[in-house]
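The chain contents come next:
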Amino acid sequence: MRCTRATPHTLAVHLGCDDAEAVESVLNTLVAMGMATADGTDVYRPVAPSTVVARLVERRLKALHEEMRHVSETRDLLESLLREQEFENEYAGSRTEAPLIERLEGLGKVREKLDELSFFCRTELLSTQPGGPMTKDNIAAARPLTEQLLRRGVAMRTIVESGAVADPATAAYLQELTTKGVRIRVVERTAERLLIFDRQTALAPIDPNDSTLGAVAVREPGLVGGMISLFDRIWAESRELDEVVGSPSEGGGPEGGLSELERQILATMQMVDKDEIGAREVGVSVRTYRKYVAALMGRLDAANRFQAALLARDRGWI
């Protein structure tokens, strides 16, 4: 039965409740939330569902905005306290200036410095990642830190080696990052691991061949500027991630020569009809997703995506 108006008494009877005052209290709460109206008598009327949904969304957005404002104020307060403490230490003559070049021996000290620099990073993070595939543990550790920086509005540019994107799991993670705003380029070989925070502080390994020995934090403007120039030069000579991993495989072989990403896309084609949703499901950009879909349909000689998914299942690809 659809209710267009009610009194506390009639609604209490309808609900099988003996406490009409409790029902009236609930109705007044709904009025206060904009989900019902009262005409000054004893009659209450529901608000249109579409209006209720819009108001609930608005309330939730307002709550999120307040929460974000509170977090921002807390961060600003912390930074203000730290600046005040630095000023007091300097005034007392007990503060020593942070060294322009700081040697950090051992992974523990490196992680502490990395957490500190990431926490105060505000505008930009440049990084190079030499070597091959990332392990599951490395990806799991990097993901939350990266998402925190992106939520803060930090622009991120990363250079990786081609050996990393040859691994399906690493390539999928990197493509996931591009959908979230990280710009990633690929080179055949890059310099040692390098991180540059807000163009002010750089972090590089003590020994490029053994990262467990520790790192060097560099704040000397001339050296940092040289590292930025090196990064920009490598960036200019590199290729966009989609140009490297965005080309579907061709040819035959076991299971049609499919990569793990191609199998995931075939499976997704059975369930969703929008490219944006499919791309999000497998963690790639929409352009890359469409490129794979077109190539897979061509290989299967399918007239549409649904037929491609059925043909792929018949061949045992998925």
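Note that the coordinates shown come from a computational prediction; the quantities given were computed from them, not determined experimentally. (Residues numbered from 1 in each chain as written. Predicted model: local features only at pLDDT ≥ 70, side-chain atom pairs only at ≥ 80, totals over all residues. Heavy atoms only, no water.)

A.B. asks: Looking at this model, I keep getting lost on the environment of V218. Mind explaining?
C.D. replies: Structurally, V218 is set in strand β9 (residues 214-218). Between the C-alpha atoms of V218 and A202, which are 16 residues apart in sequence, the distance is 5.1 Å. Not counting residues within four places of it along the chain, the set of residues in contact with V218 comprises L100, Q200, T201, A202, L223, V224 and M227. (Helix = DSSP H or I, 4+ residues; strand = E, 2+ residues; numbered from the N terminus. Contact = heavy atoms within 4.5 Å.)

A.B. asks: Explain unusual backbone geometry here, please?
C.D. replies: Glycine aside, residues mostly have negative phi, and peptide bonds are mostly found in the trans state. Backbone geometry at D198 places phi at a positive 50 degrees, although glycine is not the residue there. Along the chain, the position of D198 falls in the loop between β7 (194-197) and β8 (201-205). Taking relative accessible area as the criterion, D198 reaches 17% and is therefore assigned buried. Located in the positive-phi region is R199, a residue other than glycine, with phi close to 55 degrees. Given the relative accessible area of 39%, R199 is considered partly exposed. (Buried < 20%, exposed > 50% of the residue type's maximum accessible area, 1.4 Å probe, protein only.)

A.B. asks: Can you walk me through the nonpolar core in this structure?
C.D. replies: For soluble globular proteins, nonpolar side chains are generally found buried alongside one another. Counting residues in each nonpolar core, the largest one holds 27 residues, and the members touching the most others are L125, M156, V165, L174, I184, L203 and L241. Among the elements that make up this core, the one with the highest residue count is helix α7 (residues 168-179) (four residues). When neighbours within four sequence positions are excluded, M156 is seen to be in contact with L125, T146, L149, L150, G181, V182 and R183. Grouped together as the second largest cluster of nonpolar side chains are 17 residues, L266, A279, Y292 and A312 included. (Core = buried A, V, L, I, M, F, W, Y, C linked by side-chain atoms within 4.5 Å.)

A.B. asks: When you look at the packing of aromatic side chains in this model, what are you seeing that I'm missing?
C.D. replies: Any two aromatic rings considered together are summarised by their centre-to-centre distance and by the angle between their planes. As enumerated under the stated definition, the model contains two aromatic pairs in all. When the ring of F119 is compared with that of F120, the centres are 4.9 Å apart and the planes differ by 85 degrees; the resulting orientation is edge-to-face. Given the relative accessible area of 32%, F120 is considered partly exposed. Taken together, a centroid distance of 6.0 Å and an interplanar angle of 20 degrees make the contact between F231 and W235 stacked. Residue F231 and its partner W235 are both found in helix α8 (residues 221-236); the two are separated by four residues, about one turn of the helix. By the burial criterion, F231 is buried, and W235 matches it. Between the NZ or CZ atom of R157 and the centre of the ring of W235, over which it lies, the distance is 4.9 Å. (Phe/Tyr/Trp six-rings, centres within 6.5 Å; stacked < 30°, edge-to-face > 60°. Lys NZ or Arg CZ within 6 Å of the ring centre and 35° of its normal.)

A.B. asks: Please explain the pattern of salt bridges as it appears in this structure.
C.D. replies: Side chains carrying opposite charge are able to pair once their charged atoms draw close together. Inspection of the entire model under this criterion finds 16 salt bridges. With a closest N to O distance of 3.3 Å, R219 and E102 form a salt bridge. Of this pair, R219 sits in the loop between β9 and α8 while E102 sits in strand β3 (residues 101-105), and the two are 117 residues apart along the sequence. The closest approach of N and O atoms between E124 and R157, which form a salt bridge, is 4.0 Å. Of this pair, E124 sits in strand β4 (residues 124-129) while R157 sits in strand β5 (residues 155-161), and the two are 33 residues apart along the sequence. (Salt bridge = Lys/Arg side-chain N within 4 Å of Asp/Glu carboxyl O.)

A.B. asks: Honestly, the pairing of strand β6 (residues 183-187) in this entry has me stumped. Any pointers?
C.D. replies: Two faces belong to every sheet, and in a regular strand the side chains alternate between them. Along β6, four of the five residues are buried, which leaves the element largely enclosed by surrounding structure. Across five bridges, the pairing between β5 and β6 is parallel. Counterpart to E161 in the pairing with β6 is V187. Relative to strand β10 (residues 239-240), β6 is paired through two bridges, and the arrangement is antiparallel. Directly across from R185, in β10, lies its bridge partner E240. (Pairing = 2+ DSSP bridges.)

A.B. asks: Can you help me understand a negative patch on the surface in this one?
C.D. replies: Side chains of D18, D19, E21, E24 and D42 sit close together on the surface and give a patch of like negative charge. Within the secondary structure layout, D42 lies in the loop between β1 (36-38) and β2 (44-46). Owing to a relative accessible area of 39%, D42 belongs among the partly exposed residues under this scheme. (Patch = residues over 30% accessible without salt bridge, like charges linked within 9 Å, V, L, I, M, F, W, Y side chains within 5 Å. Areas by Shrake-Rupley, 256 points an atom, 1.4 Å probe, with all protein chains shown as cover. Lys, Arg positive; Asp, Glu negative; His and termini not counted. Charge placed at Lys NZ, Arg CZ, Asp CG, Glu CD.)

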